[in-house]
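Fold and contact review
Each chain is listed here by its residues.
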Amino acid sequence: MRDGYRGSTPTSKRTGAFKQVREKEVRDFIWRNIICRFGVQKKIVCDNGSQFIGAQITEFFQSWKIKRITSIPYHPVGNGKAESTNKVIINNLKKRLEESKGNWLELLPGVLWAYRTTTKISTGETPFSLVYGAEALIPVEIGEPSTGFTQASEESNDEEMRINLDLLKRKREAALIRMATQKHVMERYTIEKRV
């Protein structure tokens, strides 16, 4: 068992938009997009919305032995991070919507892909690499292959993936340290600015 998950089962279901988000939709979403993709999680962080704390979802979490952590009492900082991420995604989506009106549902996967494969200043890593342990193969590398892409063999790729997965915990720890350092620098700057 690795950090945070208990196994992996592929799924072909696609993430979609919901008109209403009730307990059933949350349960189905967690099943299709988290458990079936990444395995059973030890913990899931969510807010205190009724769809996350109701009887059905509580029973679902208990049946899978998943600890539910609500962000407001336990992780108040988590709400700001999610809002910041959402703001970036929404702004990028708005830019794309100026060109193609009303197709936000079709544009969303591309905007999310761009967000997940862009290096973040706070961590020095892409969200994709912090989840999977390697950088994503971006579409432009297929049309204009990089040296690493053209010289890779299946065996060398498998070996590199094993090494990257072994180093993933260190990579995540380094990202956390970088985030804490950046936060400390910003706090010092704010205090010095007030004085």
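Just so you know, these numbers come straight off a predicted model, no measurement behind them.

Quick notes on the rules
Think of each chain on its own: its residues are numbered from 1, step by step along the sequence as written. The predicted origin of the model limits local features to residues at a pLDDT of at least 70 and limits the giving and counting of side-chain atom pairs to 80 or more, whereas totals for whole chains, interfaces and linings rest on all residues. Side-chain figures throughout are based on the complete set of non-hydrogen atoms in the structure, without hydrogens or water. Secondary structure follows DSSP: runs of H or I at least 4 residues long count as helices, runs of E at least 2 residues long count as strands, and numbering of each begins at the N terminus. Expected span of a helix: the number of residues minus one, times 1.5 Å. The quantity called bend is, for any residue, the angle between two axes fitted respectively to the seven residues ending at it and the seven beginning at it. Burial status follows relative accessibility: with a 1.4 Å probe on protein chains alone, a residue under 20% of its type maximum counts as buried, one over 50% as exposed, and anything between as partly exposed. When checking whether two residues touch, look at their non-hydrogen atoms; a contact exists if any pair is within 4.5 Å. pLDDT runs from 0 to 100 and stands for how confident the predictor is about each residue.

**Considerations on helix α10 (residues 154-194)**
Over its 41 residues, α10 extends 56 Å from the first C-alpha to the last, a length consistent with the 60 Å expected when each residue adds 1.5 Å. At L167, α10 shows its maximal bend, which comes to roughly 45 degrees. Along α10, the positions that sit buried rather than exposed are N164, L168 and A175. On its buried face, α10 sits against α7 (127-132).

**Comments concerning the environment of L93**
Locating L93 in the fold gives a position in helix α5 (residues 76-99). With 17 residues separating them along the chain, L93 and G110 place their C-alpha atoms 9.2 Å apart. Setting aside residues no more than four positions away along its own chain, L93 makes contact with W104, L107, L108 and V111.

**Points about the confidence of the model for the chain**
Mean pLDDT for the chain: 79, with 79% of residues reaching 70 or above. Looking at the elements of the chain, mean pLDDT is at its lowest for helix α4 (residues 71-74), recorded as 59, and at its highest for helix α3 (residues 55-63), recorded as 94. Considering only residues more than four positions removed or in separate chains, one finds that residues 1-14, a stretch of pLDDT under 50, has 33 contacts.

**A word on helix α1 (residues 23-38)**
The axis of α1 is deflected most strongly, by about 30 degrees, at W31. Those residues of α1 that fall on the buried side of the exposure criterion are E23, E25, V26, I30, N33, I35 and C36. Check the buried side of α1 and you find it contacts β1 (43-46), α2 (50-53) and α3. Phi turns positive one or two residues past the end of α1, at G39, with a value near 95 degrees.

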